[in-house]
Amino acid sequence: MTRDNKIQEKIMNINFNKNSDGLVPAIIQDAVTKNVLMLGYMNTEAYSKTVETNKVTFFSRTKNRLWTKGEESGNFLNVVSIKNDCDNDTLLIEVNPAGPTCHKGTDTCWGETNNQSFGFLSELENVIKSRRDAADSEKSYVASLFKKGINKIAQKVGEEAVEVVIEAKDNDNDLFLNESADLLFHYLILLQAKGFRLKDVVKILEGRH
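Cut-offs applied
- Residues numbered from 1 in each chain as written.
- Predicted model: local features only at pLDDT ≥ 70, side-chain atom pairs only at ≥ 80, totals over all residues.
- Heavy atoms only, no water.
- Axes fitted to C-alpha atoms, helices over the stretch in contact; angles between N-to-C directions.
- Helix = DSSP H or I, 4+ residues; strand = E, 2+ residues; numbered from the N terminus.
- Parallel < 35°, antiparallel > 145°, perpendicular 65-115°, else oblique.
- Left-handed = near helix turned anticlockwise from the far one by under 90°.
- Contact = heavy atoms within 4.5 Å.
- Nonpolar A, V, L, I, M, F, W, Y, C, P; charged D, E, K, R; others polar.
- Pairing = 2+ DSSP bridges.
- Phe/Tyr/Trp six-rings, centres within 6.5 Å; stacked < 30°, edge-to-face > 60°.
- Buried < 20%, exposed > 50% of the residue type's maximum accessible area, 1.4 Å probe, protein only.
- Salt bridge = Lys/Arg side-chain N within 4 Å of Asp/Glu carboxyl O.
- 1 Å grid on protein atoms, 1.4 Å probe; cavity = no way out; pocket = protein on both sides within 12 Å on 5 of 7 lines; lining within 4 Å.
- Points joined across faces, edges and corners; volume = space filled by probe spheres on them.

Enquirer: Mind laying out the packing of helix 3 (residues 120-134) against helix 6 (residues 173-193), listing which residues take part and the relevant values?
Expert: As a packed pair, helix 3 and helix 6 sit with axes 10 Å apart at the nearest point and diverge in direction by 55 degrees. Relative to helix 6, the element helix 3 is oriented oblique. Here helix 3 runs over helix 6; the crossing is right-handed. In this structure, helix 3 contributes Leu-121, Leu-124, Glu-125, Ile-128, Lys-129 and Arg-132 to the contact, and helix 6 contributes Leu-184, Phe-185, Leu-188, Ile-189, Gln-192 and Ala-193. Class assignment of the residues belonging to the contact of helix 3 with helix 6 gives a composition of eight nonpolar, one polar and three charged.

Dropping the structure here:
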């Protein structure tokens, strides 16, 4: 059975009759970044065309017709997967967007940049960048490391790596985790010192996978 046939099988489980207009909301999510790009509505015909073409098609309530996202702009939403929620009345569609999603030219309909986020680690990367940009080496440990240069930063990563290895051979989990946190923190600094971010390393890992 093909992938499209498997998706098509789910159509009978979608409750298009729950609302009087025969529409169900479709949440569009980037398959890679996991950011929500937009919200649209589908009826049975829009869903069927989405499965058939592998490009997201909505029912436009303003135009009163089927509307394939990107039919004018070329910014199609290429389908990766379709999921139905527990009440069978809301779709979650993961896509690979071919350009900005919003008609205003932004990545999302909320005006956000569609960057991949790694939770707190992304926040930490932004803090490191702000400390580097401020360049206040007297008040900021991070800024002082950047001021000392790449050799000092690389040395700190090496020192922290040795500490992690030492603690890994012991039975003190708290010390091991703390040294691991120190290593990761200094590695994030080293990445920025070399002009990279965590996403660049993740991209390579994804390629290997």
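Picking up after the structure, the text goes on.
Enquirer: Lay out the sheet that holds strand 6 (residues 91-97) in plain terms, naming residues and giving numbers.
Expert: On the basis of which strands lie adjacent, the open sheet formed by four strands has the order 2-1-6-5 and mixed pairing. The open sheet terminates on both sides in strands that have one partner only, identified here as strand 2 (36-42) and strand 5 (77-84). Adjacent strand axes in the sheet meet at a mean angle of 30 degrees, parallel and antiparallel pairs treated alike. In this structure, strand 1 (residues 24-30) lies alongside strand 2, joined through six bridges in antiparallel fashion. For Ala-26, the partnering residue across the bridge sits in strand 2 and is Gly-40.

Enquirer: Run through the packing of aromatic side chains, naming residues and quoting values.
Expert: In total, this model carries two aromatic pairs according to the counting rule given. Ring centres 6.4 Å apart and planes at 65 degrees place the aromatic pair Phe-16 and Tyr-47 in the edge-to-face group. Of the two residues, Phe-16 sits in the loop between helix 1 (3-9) and strand 1 while Tyr-47 sits in helix 2 (residues 44-53), which places them 31 residues apart along the sequence. Residue classification places Phe-16 among the buried residues on the basis of a relative accessible area of 6%.

Enquirer: Go over the side chain of Glu-160 with me, naming the residues and quoting the values.
Expert: Note that Glu-160 resides in helix 5 (residues 150-168). When its relative accessible area of 9% is taken as the criterion, Glu-160 is described as buried. Residue contacts for Glu-160: discarding those within four places in its chain leaves Glu-179, Asp-182, Leu-183 and His-186.

Enquirer: I'd like a rundown of the pattern of salt bridges, residues and numbers included.
Expert: If you walk through the whole model with that rule in mind, you get seven salt bridges. The partner of Lys-129 in a salt bridge is Asp-133, and the shortest N-O contact between them spans 2.8 Å. In this pair, Lys-129 and Asp-133 are both assigned in helix 3, four residues apart and thus about one turn of the helix distant. A residue is classified by how much of its surface remains accessible, and Lys-129, at 39% relative accessible area, is partly exposed. Its relative accessible area of 52% is what places Asp-133 among the exposed residues. A cluster of three or more residues bridged by salt bridges with shared partners is formed by Lys-156, Glu-159 and Glu-160.

Enquirer: Mind laying out the layout of surface pockets, listing which residues take part and the relevant values?
Expert: Estimated volume of the largest pocket: approximately 290 Å³. Lining the largest pocket are 15 residues, and of these Trp-67, Lys-69, Thr-101, Cys-102 and His-103 sit closest to its centre. Split by residue class, the lining of the largest pocket holds five nonpolar, six polar and four charged.

What is shown is where atoms sit, not what they do.
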